[in-house]
Amino acid sequence: MADADYFEGHPIQAAVLVVSYIHANHRESGPYQFDEFLNKYETIFEYPDENNAADEVRNYIDELSAIVEQYI
């Protein structure tokens, strides 16, 4: 079960959940397709003050939405 309160405080985990589902169902075009996306936002959200995370939230949502629309 997904807990929205947890994902609010840990947004990268929502992306990991989506990518894991895609990978488990063999839908991605390559095994490393999402590495850049996950690494980028993991760093941004882990160090929000250094990476201006507040400004990156819209980009994160848009990119994750594009992944969902492409595969699910």
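Everything numeric in this text was worked out from a predicted model, so none of it was measured.

Caption draft 1: Region of the structure containing the overall build of the protein. When helices and strands are tallied, the protein shows five helices and zero strands. Helices and strands in the protein line up, N terminus first, as α-α-α-α-α. The globule rule puts the C-alpha radius of gyration for 72 residues at 11 Å, and the 12 Å found for the protein is close to it. Taken along its principal axes, the extent of the C-alpha atoms in the protein is 35 × 25 × 15 Å.

Caption draft 2: Here's a closer look at helix 2 (residues 11–24). For helix 2, which comprises 14 residues, the first-to-last C-alpha distance of 20 Å matches the rise-based estimate of 20 Å (1.5 Å per residue) to within 8%. Turning to helix 2, the residues buried within the fold contact helix 1 (4–9), helix 3 (35–46) and helix 5 (53–71). Positive phi appears at His 26, one or two residues downstream of helix 2, with a value of about 55°.

Caption draft 3: The arrangement of the confidence of the model for the protein in detail. When pLDDT is averaged across the protein, the result is 87; 99% of the residues are at 70 or more. No element of the protein has a lower mean pLDDT than helix 1, at 85, and none a higher one than helix 3, at 93.

Caption draft 4: Inspection of the pattern of salt bridges at higher detail. One pass over the structure, following the stated rule, counts two salt bridges. With a shortest N-O distance of 3.4 Å, Glu 63 and Lys 40 are connected by a salt bridge. Of this pair, Glu 63 sits in helix 5 while Lys 40 sits in helix 3; the two residues are 23 residues apart in sequence, bridging distant segments of the chain. For Arg 58, the salt bridge is made with Asp 62, and the minimal N-O distance between the two is 3.0 Å. Placement of the pair is Arg 58 and Asp 62 together in helix 5, with a separation of four residues, close to one helical turn.

Cut-offs applied
- Residues numbered from 1 in each chain as written.
- Predicted model: local features only at pLDDT ≥ 70, side-chain atom pairs only at ≥ 80, totals over all residues.
- Heavy atoms only, no water.
- Helix = DSSP H or I, 4+ residues; strand = E, 2+ residues; numbered from the N terminus.
- Rg over C-alpha atoms; globule rule 2.2 N^0.38 Å.
- Expected span 1.5 Å × (residues − 1).
- Contact = heavy atoms within 4.5 Å.
- pLDDT = per-residue confidence, 0-100.
- Salt bridge = Lys/Arg side-chain N within 4 Å of Asp/Glu carboxyl O.

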